[in-house]
Amino acid sequence: MPTKIPQMFDRLDMLEWQLCQRTAGLSIHRPWLSTLKISSKLGDWPIWVALIVALPAIHGRDIGLRLMLEYTVTAVVAIAVYKLLKTRLCRERPFITFGGSIQCNEPARDRYSFPSGHTMHAVMFCTLVAVHSPALLPWLLPLAGLIAISRVGLGLHYYSDVLAGAALGYGMALASLGLSSTTLLIAASH
């Protein structure tokens with residue numbers, strides 16, 4: 001029995017391609033393109049590893065080490081779910097589908113775009129930080145926004161990929177927070 005997912009993506013692709021084309025077209029401006037590339041590279045892993053490693057310094061050794069474990073496990077589970085979805089849903093990246101009108105400005109790791117893993121991690125970590133270390137949000141929220149827009153601006157994702165990644169990241173963070181005893185420890189210490 002054929003699946004309806006490819007047909008749904010075909011319709012979404014057609015609805016979104018002009019908006020994606022306009023967003024990716026802004027990359028002709030070198031400072032903007034550089035900003036998108038840097039944001040995308042930070043969203044690969046460096047900023048999230050730095051955040052995880054900094055948790056003991058922010059929260060003290062005991063709680064910080066628990067949070068390090070929680071954030072790491074959450075990220076690993078999120079990656080597994082993300083890869084499962086990506087390899088099962090197989091939505092072509094916009095620069096592949098619309099090669100003549102959407103340029104790829106950053107190497108893609110794979111062929112498929114749905115959902116955006118960069119956005120998933122950005123939203124997931126921002127949600128966790130909002131609960132555990134809200135003082136960091138003024139730094140992380142703008143970066144998370146740039147990471148999300150960089151995925152479209154670099155020609156790698158559709159807006160719906162980014163929205164799905166954000167929803168997945170938010171859901172993963174909420175699940176982690178719901179299962180976490182560390183959150184309760186932090187609340188009790190305040």
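The present account deals with the structure reproduced in this document. As the structure is a prediction and not an experimental result, all values here were calculated from the model.

The rules behind these values
Here the residue index of a chain counts from 1 through its sequence in written order. The predicted nature of this model means local features are confined to residues of pLDDT at least 70 and side-chain atom pairs, given and counted, to a pLDDT of 80 or more, with totals for whole chains, interfaces and linings taken over all residues. Hydrogen atoms and water are omitted, and side-chain values are computed over all heavy atoms in the structure. Numbering of helices and strands starts at the N terminus; helices are DSSP runs of H or I of at least 4 residues and strands are runs of E of at least 2. Throughout, the radius of gyration refers to the C-alpha atoms, and the reference size of a globule is 2.2 Å times the residue count to the power 0.38. Buried residues are those whose accessible area, probed at 1.4 Å on protein chains only, stays under 20% of the maximum for their type, while exposed residues exceed 50% and partly exposed ones sit between those limits. When a carboxyl oxygen of Asp or Glu lies within 4 Å of a side-chain nitrogen of Lys or Arg, that pair is called a salt bridge. Patch membership is restricted to residues that have no salt bridge and whose relative accessible area is over 30%. Joining uses 9 Å for like charges and 5 Å for the nonpolar side chains Val, Leu, Ile, Met, Phe, Trp and Tyr. The Shrake-Rupley method, run with a 1.4 Å probe sphere, supplies the accessible areas, and residue values consider only the shown protein chains as cover. Working definition of a nonpolar core: buried Ala, Val, Leu, Ile, Met, Phe, Trp, Tyr and Cys residues. They are joined through side-chain atoms within 4.5 Å. Residues count as neighbours in contact if any of their non-hydrogen atoms are within 4.5 Å of one another. Angles run from 0 to 180 degrees between N-to-C directions of axes, and those axes are lines fitted to C-alpha atoms, restricted for helices to the stretch in contact. Angles are sorted into four bins: roughly parallel if under 35 degrees, roughly antiparallel if over 145, roughly perpendicular if 65 to 115, and oblique for all others. We call a crossing left-handed when the near helix sits turned anticlockwise from the far one by less than a right angle, and right-handed when that turn is clockwise. Under the scheme applied, nonpolar residues are Ala, Val, Leu, Ile, Met, Phe, Trp, Tyr, Cys and Pro; charged residues are Asp, Glu, Lys and Arg; polar residues are all the others, including Gly.

### Comments concerning the overall build of the protein chain
The helix and strand inventory of the protein chain stands at nine helices and zero strands. Shown N-terminal to C-terminal, the secondary structure of the protein chain runs as helices and strands in the order α-α-α-α-α-α-α-α-α. On C-alpha atoms alone, the protein chain measures out to a radius of gyration of 18 Å, which is about the 16 Å that the 2.2 N^0.38 rule sets for 190 residues. Within the span of the protein chain, comprising 190 residues, buried residues form 43% of the whole.

### Some remarks on the environment of glycine 171
Positionally, glycine 171 belongs in helix α8 (residues 159-179). Along the primary structure glycine 171 and threonine 72 are separated by 99 residues, whereas in three dimensions their C-alpha atoms are 16 Å apart.

### Notes on the pattern of salt bridges
Counting across every chain of the model gives five salt bridges. With a shortest N-O distance of 3.8 Å, aspartate 62 and arginine 61 are connected by a salt bridge. Per residue, the accessibility class of aspartate 62 equals that of arginine 61, and both read exposed. The structure contains a network of salt bridges with shared partners spanning Lys86, Arg93 and Asp110.

### Remarks on a nonpolar patch on the surface
A cluster of nonpolar side chains, contributed by Trp45, Val49 and Val53, occupies part of the molecular surface with about 310 Å² of accessible area. Mapped onto the elements of the fold, valine 49 is located in helix α3 (residues 46-59).

### A closer look at the nonpolar core
The biggest cluster of nonpolar side chains holds 26 residues, and the ones touching the most others in it are Trp48, Leu51, Tyr71, Met124, Phe125 and Leu128. Only α3, α4 (61-89), α6 (117-132), α7 (137-153) and α8 provide two or more residues apiece to this core. In terms of residue count, the dominant contributor to this core is α6 (seven residues). When sequence neighbours within four positions are dropped, the list of residues in contact with tyrosine 71 reads Leu51, Ile52, Leu55, Phe125, Leu128, Val129 and His132.

### What about the packing of α3 against α7?
Contact geometry for α3 and α7: axes closest at 12 Å, N-to-C directions at 155°. Compared by their axis directions, α3 and α7 come out roughly antiparallel. Judged by the sense of rotation from one axis to the other, the crossing of α3 with α7 is left-handed. Listed contacts from α7 to Ile47, Trp48 and Leu51 of α3 are Leu140, Leu143 and Ile147. Looking at side-chain class alone, the contact of α3 with α7 contains six nonpolar, no polar and no charged residues.

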